[in-house]
Amino acid sequence: MIVVIDPARQTPELDAFNNMVRTTGLAMSYHLPAMFGLGSLQAENPDNIKAMVILGSASSVNERLPWQIELETWIRPHLERGVPTLGICYGHQMLAFMYGGSVDYIYPDRHKHLGSRIVDMIATGPWAAAKGTLMVSHNEVVTQAPGDMQVIASSPEVAIDGLAHKRLPIWSLQSHPEATLAFLHQHQLPLDVHGKSLSFGHSLVQAFLRFAASR
């Protein structure tokens, strides 16, 4: 079972979850801790958790809301026992924060960086070295990487666009490789009717999921 954690506060990323299931055929479960608490996660048999994907959220890791602290407490033992994990946007920031990194606003006026950008990635874990377009929607970034993690992706706009743990199978990306047409519509981004701007991101997510399933 691959556990997909969606920390959404209002609009769940159901379309992204369905796309992951549809394109890989892997068994996955879906959880909304910010909206409904951690009951569904706590009901998961730890022995059956093959991997974790932590999606984006409008929340900031610096808020330290009860659900955030509870989620980090639930996640940490799974991370430490070597469950392959992919953090996306908020998930990226949360994992960096949990291991001692810093998160702050990307712009002084706190406006959102919205659209797409070209990200350079080095070879690591499930991915070969690559460069491609990824969708973005965030107003915070990791400003200092934890000592236990290395930068694996960067762009002109964001120096720490991706991280990998040096000891554990943990990877994270600030962008939204899971973005679908529904995501573009929700965030008022230009709709790519042919999905060409989404294909690079989808290939990254699928590579992680298949890598995790093969372990």
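Trainee: I keep staring at the side chain of Ser 60 and nothing clicks. Help me out?
Mentor: Within the fold, Ser 60 resides in the loop between β3 (51-54) and α4 (66-80). For Ser 60, a relative accessible area of 12% translates into the label buried. What Ser 60 contacts, discounting residues up to four positions off in sequence, is Gln 68, Tyr 90 and Glu 140.

Trainee: How do you make sense of α4 when you look at a structure like this?
Mentor: What sets the pattern is the α-helix's 3.6 residues per turn: residues three or four places apart point alike. Taking 1.5 Å of rise per residue, 15 residues should cover 21 Å, and α4 covers 22 Å from first to last C-alpha, within 8% of that figure. By the burial criterion, the buried members of α4 are Trp 67, Gln 68, Leu 71, Glu 72, Trp 74, Ile 75, His 78 and Leu 79. Downstream of α4 by a residue or two, Gly 82 has a phi angle that is positive, lying close to 90 degrees.

Trainee: Looking at this structure, how should I read the nonpolar core?
Mentor: Soluble, globular proteins show a tendency: their nonpolar side chains are buried together. Counting residues in hydrophobic clusters, the biggest one holds 29 residues, and the most contacted among them are Val 4, Met 20, Val 53, Met 121, Trp 127, Phe 208 and Leu 209. No other element matches helix α7 (residues 196-214), which puts 6 residues into this core. Each residue touching Val 4, except ones within four places of it in the same chain, is listed here: Phe 17, Met 20, Met 28, Ser 29, Tyr 30, His 31, Val 53 and Leu 55.

Trainee: How should the packing of aromatic side chains be read in this particular structure?
Mentor: Any aromatic ring pair is given by two values, namely how distant the centres are and how the planes are angled relative to each other. Tallied over the entire structure, the rule returns 4 aromatic pairs. Both rings, one in Phe 17 and one in Tyr 30, keep their centres 5.0 Å apart while their planes meet at 45 degrees; by these two values the pair is tilted. Of the two residues, Phe 17 sits in helix α1 (residues 14-24) while Tyr 30 sits in strand β2 (residues 28-31), which places them 13 residues apart along the sequence. Each of the two residues, Phe 17 as well as Tyr 30, counts as buried.

Trainee: Whenever I open this one, the sheet that holds strand β9 (residues 149-154) confuses me. Can you help?
Mentor: An order of β2-β1-β3-β4-β11-β10-β9-β6-β7 is seen for the 9 strands of this open sheet, with the pairing classed as mixed. In this open sheet, the two edge strands, each paired with only one partner strand, are β2 and β7 (130-138). Recorded for the sheet is a direction-independent mean angle of 25 degrees between the axes of neighbouring strands. Here 4 bridges tie β9 to strand β10 (residues 162-165), and the two strands are oriented antiparallel to one another. Counted as the bridge partner of Met 149 is His 165 from β10. In the packing of α1 onto the sheet, contacts are made with β1 (2-5), β2 and β3, and the angle to β2 comes to roughly 175 degrees. Strands in contact with α4 are β1, β3, β4 (85-88) and β11 (170-173); relative to β3, the strand with the most contacts, it is inclined by about 145 degrees.

Trainee: How do you make sense of unusual backbone geometry when you look at a structure like this?
Mentor: Keep in mind that most residues, glycine aside, have a negative phi and that most peptide bonds are trans. Residue Arg 64 is not a glycine yet carries a positive backbone phi of 55 degrees. Turning to its location among the elements, Arg 64 is positioned in the loop between β3 and α4. The phi angle at Arg 110 is positive, at roughly 70 degrees, despite the residue not being glycine. Here Arg 110 shows up in the loop between β5 (102-105) and β6 (113-121).

Cut-offs and rules
- Residues numbered from 1 in each chain as written.
- Predicted model: local features only at pLDDT ≥ 70, side-chain atom pairs only at ≥ 80, totals over all residues.
- Heavy atoms only, no water.
- Helix = DSSP H or I, 4+ residues; strand = E, 2+ residues; numbered from the N terminus.
- Buried < 20%, exposed > 50% of the residue type's maximum accessible area, 1.4 Å probe, protein only.
- Contact = heavy atoms within 4.5 Å.
- Expected span 1.5 Å × (residues − 1).
- Core = buried A, V, L, I, M, F, W, Y, C linked by side-chain atoms within 4.5 Å.
- Phe/Tyr/Trp six-rings, centres within 6.5 Å; stacked < 30°, edge-to-face > 60°.
- Pairing = 2+ DSSP bridges.
- Axes fitted to C-alpha atoms, helices over the stretch in contact; angles between N-to-C directions.

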